[in-house]
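# Notes for the structure review
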Protein chains: 4
Amino acid sequence: MRFVSDNAAPAHPKVLEAIVASNRLDSAYDGDQWSKRLDGTFSELFETEVKALWVSTGTAANCLALAALCPPYRSILCHREAHIETDEAGAPGFFTGGAKLVLLDGEGAKISPEIVNAGCDRIWKDVHQVQPAAISITNATEYGRVYRAEEVAALGEVARSRGLALHMDGARLANAIATTGERLADVTWRAGVDTLSFGFIKNGGLNAECLVLFRTELADEIEVRRKRAGHLSSKGRMLAAQILAMVDGDLWLENARAANAAAQALARAAPERLLHPVEANEVFLKVTAEESAALHDQGFEFYDWRAGEIRLVTSWDQDPVAVDRLASAIAAL
Amino acid sequence: MRFVSDNAAPAHPKVLEAIVASNRLDSAYDGDQWSKRLDGTFSELFETEVKALWVSTGTAANCLALAALCPPYRSILCHREAHIETDEAGAPGFFTGGAKLVLLDGEGAKISPEIVNAGCDRIWKDVHQVQPAAISITNATEYGRVYRAEEVAALGEVARSRGLALHMDGARLANAIATTGERLADVTWRAGVDTLSFGFIKNGGLNAECLVLFRTELADEIEVRRKRAGHLSSKGRMLAAQILAMVDGDLWLENARAANAAAQALARAAPERLLHPVEANEVFLKVTAEESAALHDQGFEFYDWRAGEIRLVTSWDQDPVAVDRLASAIAAL
Amino acid sequence: MRFVSDNAAPAHPKVLEAIVASNRLDSAYDGDQWSKRLDGTFSELFETEVKALWVSTGTAANCLALAALCPPYRSILCHREAHIETDEAGAPGFFTGGAKLVLLDGEGAKISPEIVNAGCDRIWKDVHQVQPAAISITNATEYGRVYRAEEVAALGEVARSRGLALHMDGARLANAIATTGERLADVTWRAGVDTLSFGFIKNGGLNAECLVLFRTELADEIEVRRKRAGHLSSKGRMLAAQILAMVDGDLWLENARAANAAAQALARAAPERLLHPVEANEVFLKVTAEESAALHDQGFEFYDWRAGEIRLVTSWDQDPVAVDRLASAIAAL
Amino acid sequence: MRFVSDNAAPAHPKVLEAIVASNRLDSAYDGDQWSKRLDGTFSELFETEVKALWVSTGTAANCLALAALCPPYRSILCHREAHIETDEAGAPGFFTGGAKLVLLDGEGAKISPEIVNAGCDRIWKDVHQVQPAAISITNATEYGRVYRAEEVAALGEVARSRGLALHMDGARLANAIATTGERLADVTWRAGVDTLSFGFIKNGGLNAECLVLFRTELADEIEVRRKRAGHLSSKGRMLAAQILAMVDGDLWLENARAANAAAQALARAAPERLLHPVEANEVFLKVTAEESAALHDQGFEFYDWRAGEIRLVTSWDQDPVAVDRLASAIAAL
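Owing to the predicted nature of the structure, the values given are computational and were not obtained by experimental measurement.

### Here we look at the interface of chain B and chain C
Across the contact, 15 residues belong to chain B and 15 residues belong to chain C. Between chain B and chain C, roughly 1,400 Å² of surface is buried when both sides are summed, and carbon and sulfur atoms account for 65% of that area. Of all residues in chain B, Tyr73(B), Val127(B) and Arg228(B) give up the largest surface area on contact with chain C, accounting jointly for 45% of the area buried on that side. Taken together, the connections running from chain B to chain C amount to zero salt bridges. Viewed at the interface, chain C and chain B are joined by eight residue pairs in polar contact (both at pLDDT 80 or more). Taken together, the residues of the side of chain B that touches chain C sort by class into seven nonpolar, three polar and five charged.

### Notes on the sheet that holds strand β8 (residues 282–286) of chain C
All names here are of chain C. The three strands lie next to each other as β8-β10-β9, forming an open sheet whose pairing is antiparallel. Edge positions in the sheet fall to β8 and β9 (303–304), since each of these pairs with one other strand and no more. Of the strand pairs in this sheet, β9 and strand β10 (residues 309–313) are connected by two bridges, and their pairing is antiparallel. What sits directly across from Asp304, in β10, is Ile310.

### Notes on the relation of the copies chain B and chain C
When chain B is brought onto chain C, the operation consists of a screw motion whose angular component is 180 degrees and whose axial shift is 0.0 Å, with 0.0 Å RMSD remaining. In symmetry terms, the pair is related by a two-fold rotation axis. Among all residues of chain B, the one whose C-alpha sits closest to the rotation axis is Gly97(B), at a distance of 3.1 Å. Both copies present the same face, since 100% of the interface residues in chain B are matched by interface residues at the equivalent positions in chain C.

### Examining the state of the cysteines
Residue and element names in this part refer to chain C. For the structure on display, the rule yields zero disulfides over all chains. Note on Cys210: no disulfide assigned, nearest cysteine sulfur contributed by Cys63 at a separation of 16 Å. We classify Cys210 as buried; its relative accessible area is 0%.

### Focus: the confidence of the model for chain A
Residues at a pLDDT of 70 or more form 100% of chain A, whose mean pLDDT is 97. Here the complex is predicted with pTM 0.97, and the ipTM for its interfaces comes to 0.97.

### As for the pairing of strand β5 (residues 165–170) of chain B
Residues and elements named next belong to chain B. For β5, the tally of buried residues reaches six of six residues, placing the bulk of the element in the interior. Taking every second residue as pointing to the same face, both faces of β5 are buried, with Ala165, His167 and Asp169 on one and Leu166, Met168 and Gly170 on the other. In this structure, strand β4 (residues 132–138) lies alongside β5, joined through five bridges in parallel fashion. Note on β5: the bridge partner recorded for Ile135 is Leu166. Taken together, β4, helix α7 (residues 149–162) and β5 form a β-α-β motif whose crossover is right-handed. Examined bridge by bridge, β5 and strand β6 (residues 195–198) share four bridges and lie parallel to one another. In the sheet register, Asp169 faces β6, and the bridge partner there is Ser197.

### A look at the pattern of salt bridges
Two side chains carrying opposite charge are able to pair once their charged atoms lie near each other. All names here are of chain A. Enumeration according to the criterion identifies 84 salt bridges over all chains in this entry. Across the pair Asp186 and Arg190 runs a salt bridge whose closest N-O atoms are separated by 2.7 Å. Exposure remark for Arg190: the relative accessible area of 42% places this residue in the partly exposed category. Through salt bridges with shared partners, a single network forms among Asp6, Arg172, Glu282 and Arg311.

### A few points about the packing of helix α2 (residues 33–46) of chain D against helix α11 (residues 237–247) of chain D
Residues and elements named next belong to chain D. Between α2 and α11, the least distance of the axes is 9 Å, while the angle of their chain directions is 30 degrees. With respect to each other, α2 and α11 are oriented roughly parallel. Judged by the sense of rotation from one axis to the other, the crossing of α2 with α11 is left-handed. Contacts between α2 and α11 involve Trp34, Ser35, Arg37, Leu38, Thr41, Phe42 and Leu45 from the first element and Arg237, Ala240, Ala241, Ile243, Leu244 and Val247 from the second. Per-class residue counts for the contact of α2 with α11 are nine nonpolar, two polar and two charged.

### Considering the packing of aromatic side chains
On inspection of all chains with the given rule, the structure shows 65 aromatic pairs over all chains. Judged by centre distance (5.4 Å) and plane angle (65 degrees), the rings of Phe46(A) and Phe214(A) are edge-to-face. Residue Phe46(A) is located in helix α2 (residues 33–46), and its partner Phe214(A) is located in the loop between β7 (209–213) and α10 (219–228); the two are separated by 168 residues in the primary sequence. For the pair formed by Phe46(A) and Phe214(A), the shared burial category is buried. Arranged with centres 6.2 Å apart and planes meeting at 85 degrees, the rings of Tyr143(B) and Trp305(B) form a pair that is edge-to-face. Within this pair, whereas Tyr143(B) is found in the loop between β4 and α7, its partner Trp305(B) is found in the loop between β9 (303–304) and β10 (309–313), the two being separated by 162 residues in sequence. Judged by relative accessible area, Tyr143(B) falls into the buried class, the value being 4%. An aromatic cluster of at least three residues, connected via ring pairs, comprises Phe42(A), Phe46(A), Phe198(A), Phe200(A), Phe214(A) and Trp252(A). A cation sits over an aromatic face here: Lys110(B) above Tyr147(B), 5.3 Å from the ring centre.

### Some points on the relation of the copies chain D and chain C
At an RMSD of 0.0 Å, chain D and chain C line up after a rotation of 180 degrees and a shift of 0.0 Å along the axis. The share of interface residues of chain D whose copies in chain C are also at the interface is 100%, consistent with both copies meeting through the same surface.

### Digging into the sheet that holds strand β6 (residues 195–198) of chain C
All names here are of chain C. If you trace the seven strands from one edge of the open sheet to the other, you get β1-β7-β6-β5-β4-β2-β3, paired in mixed fashion. Lying at the two open borders of the sheet, with one neighbouring strand each, are β1 (51–55) and β3 (100–104). Taking each pair of neighbouring strands and ignoring which way they run, the sheet shows an average axis angle of 20 degrees. This element, helix α2 (residues 33–46), spans β1, β6 and β7 (209–213) of the sheet and lies at about 125 degrees to β1.

Reading the values: rules and limits
- Residues numbered from 1 in each chain as written.
- Chains lettered and ligands numbered in written order.
- Predicted model: local features only at pLDDT ≥ 70, side-chain atom pairs only at ≥ 80, totals over all residues.
- Heavy atoms only, no water.
- Contact = heavy atoms within 4.5 Å.
- Buried area = accessible area lost by both parts, 1.4 Å probe.
- Salt bridge = Lys/Arg side-chain N within 4 Å of Asp/Glu carboxyl O.
- Polar contact = N/O pair within 3.5 Å; in protein donor to acceptor, adjacent residues only side chain to side chain.
- Nonpolar A, V, L, I, M, F, W, Y, C, P; charged D, E, K, R; others polar.
- Pairing = 2+ DSSP bridges.
- Helix = DSSP H or I, 4+ residues; strand = E, 2+ residues; numbered from the N terminus.
- Least-squares fit on C-alpha atoms with pLDDT ≥ 70 in both.
- Disulfide = S-S within 2.5 Å.
- Buried < 20%, exposed > 50% of the residue type's maximum accessible area, 1.4 Å probe, protein only.
- pLDDT = per-residue confidence, 0-100.
- Right-handed = clockwise from strand over helix to strand, strands pointing away.
- Axes fitted to C-alpha atoms, helices over the stretch in contact; angles between N-to-C directions.
- Parallel < 35°, antiparallel > 145°, perpendicular 65-115°, else oblique.
- Left-handed = near helix turned anticlockwise from the far one by under 90°.
- Phe/Tyr/Trp six-rings, centres within 6.5 Å; stacked < 30°, edge-to-face > 60°.
- Lys NZ or Arg CZ within 6 Å of the ring centre and 35° of its normal.

Below you can see the structure in the form of structure tokens.
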């Protein structure tokens, strides 16, 4: 009974069907009929003209965007526990050619205008200190917290006023939207987001994320950077096809709702143990080492986080029986 | 009737079946059962202990290896028309952090010990000129020419004597082996090759190449570089599974033989027009612009190469009827 | 009356004389007689065989060394207020090709074995998190605090046990030694230091620092990196000559003692205001904005540091009259 | 009697005097009175508003400019024997973050519009091939050949029409101007040059070159890159002062004329042996190995270039007696 990560779940059957269906001769790279539909599909989804590029990992999606937004000699402001800082092996430094991440604090891995402003104000405006070029936020965050549209808009306002770009790592954006019910447009470009890594892999996809560019003029550069990073698959149709399958009939939302519901079931089992409000598909609990061991002994797999804390992650296909069992086990601790 | 590139062909049905079969919960990244089988499978295939890593493109396979073999301040010797020079958008410069490619001439995109020695001797041994660290060869080459084991061994000897590493871009290694019938071991590590990009995508795979490390101590660094380049897929089992399917029952050889046979059929149609001996699945013909236009008009798709030259590439699934038609059309020019 | 920085002071007359004396035809780059004397001079000074390279700035000295000690995909542990983090415009990221600085806390910009161990322990040992490769310490620190030999040795022990290299930014090493009276060997290589940026520019030099390599096998790589970074001056003799002049007759120590004495005079003026013990040539005082303004009004130039703090830096040639006046002005606040 | 390189000559006495005169307390970095005069001095010299930055080597001047003109994923067209390709240890790759040099042929290390156009036309306009961003020319070239203003203007026209920037490596621009008598403005910005490395070190300076930016908006970025590369000297006044001394009273022209005259004297000794017209301070002669040895035996120091060729370089302070002796020795071969 696995609650380790949504990363490891199988792909949704419709995603596999789409891959199989796309397995025919077509133009190589992104010249095929599926890849060509991405711009239109995502422009409709986001209610504005966008460029939409398939990429095979979230790390690549994030870092290709950041490299286009931040030159090597400037920096990106992000939370201290942002995925780009803690889990991408320094990929931002590689893709940007040496730009810095400036690490900010903030409850639940969220940052606020005050935090960003304070971070910027600590930087002396001279040639000796690295000047910021962009802000990156994760929605939902690494602690399963959600930015509402108005919160993003407040950050977008700070970004605009300071001449910074705004990137959103949306590896779990579907889970955020499933919770808030907000429009994708409202929480992204209308709020000042320039580029979005729209995640599908944790949510039923196989190996395709979509990099959505609200500043469409960035596409040419990012397409070159994608190729240069070895990310231009010759049979890219298999990536485009899975993304289209996820968007079709709002499968992305359906899957996210399922994962979120499982997380809520777990959260209800022990509200007093919650370390963070559960707003997506991650549940962080205050649990002693002994209690954690007891849960592991019962066959539940999950991460022991920091001392006295555990992390439970639910997937689009989480077995309800396993969820019930874990909920009961937690309640019984 | 498409003879543009083997890049664009569909994946073999067995490859798709393997992907579907691997679509279940397992450890993320390369911790799954399929990924774990790669080292053993390729050690057997190559008759020595190797490390075998999946990578989603040939560019990534080549450049991850080169980055481990060549520091930023040294250079890689390769043919002027090597894929790493002409078709990877400068990826070697990106992955290595600025290393140079030193471009060599040579018939059919092949290089020889004499050419490599002359290239090295032109470099003054001081701090002002960039000193070489590695040689990269492509087998089969971009012109469909094949290196025999003894030719590779001669280059391996030069590499060893000059302290250079030797990388083989094997995007079409299957086609080379299908022609020569040589053992994989003989044309690679026994001949002094340190790292091999073993290509499957042009040969019936979907989006997985295998980076084979004969110097197994390179694996740790390359695994970090793979992650850092955004190439560590969380559901890596789908990559491993396709590679295993290609190796299983020697599907890789069977597919390559089919593609090569189609190329031979085309070559026989007009031996006097051949610009290069046909040793793999590429046919370069001397054809006037008018003749080329006539072929295009008959529905054949292919690249017009340099002035007066065309390139025909055959795939594992090339339709024999189309091959016959093209052969006849060429013969009738 | 300037207490802004030791960076801006004139060079010592003997340094200029040495430059003038070296102004004759000799081999270019570092082939001249002065450059060739560096290894021997510094081997004697450090009581062991070293390689000693001239470099024209402290940033270049630090970052050339760090690039040789830390590959692009690993990290360097340093204090949050280390010069390499706060004042080098991201140069470590540039020279290393994207390596990270992991920022540590610590009183007076000093770090300890406990702090380093805790910093390392927070890093998960996997491919997702950037693994450390080196520790960098500044002696004296950016707050004018000094590492004693035994403190460095304790850090050296941690470095050795964790497989990390140890770099010392010695932009103000002379000031540290002038205070402790310790042997250079004891506070560097005997304590586990691998590379040292030995600073002269803040201490009476004009534009030459000396990069001292206790691991002499690093020299070849660093010489190439120096050239590649545009730091191989063709008339390098002028850099070597000034370094030799600073070492000759222990001018470096004499100058540092003068600067330190001036700092002590200031420190004695208001011991209750000291934010840090004064161990080198920097004095940090708790001073209100009004008091600071009053000092500025009297013609004293210095940095207002954080709110309620000022920084006073003394130079080798600090005018005693100005020191007395400032001391009196502080005492009179 | 040394004819190896103008790199190794002493600095002119006025340059040393200027350094000594600037050795007083002033603002650090480039905030001093000498550094502040550069923009004005060079704006006057070039008859237009420019930004002028001191840099301590020609490699740094060239590569800081190129990094601002060419992103990591594009290329710079230059001659196969350009200094940036053959003598800077791969610095362009380092400073740009991996951009390529595309190497062109051309008599005397000069390139022409036809050569540039042919070079560009060979590059396919797609994402697989690296697209050019800039052209770099050297004036005078590595073979002592000179570009006239109209030749530069023709290249400037190609650059403009193709959207490429144009950089001039003017390590020996003084020698070129001394020969042609053209206005600096005509051979640079009026001809379409965007950035110029104006060399002084080979021409009587000690360690300061001037990077002249005709596109003044590049200054902010280049100033950051200069700091980040460890090239922002804290006592930068010593660099500015030498440049000002070289410009004052046209010392740069006077020195170049002296060096050129010495080269002409050598050229007249054996016009039939000249490999290139002598237009600056370099003389390339066709000389057998035995003849070369004979010259070396007579105490003349110089480079044996390719087989059967020697290179003689004259400096601003070349001893006329030595020149006469060498001329006689050559004539007597």
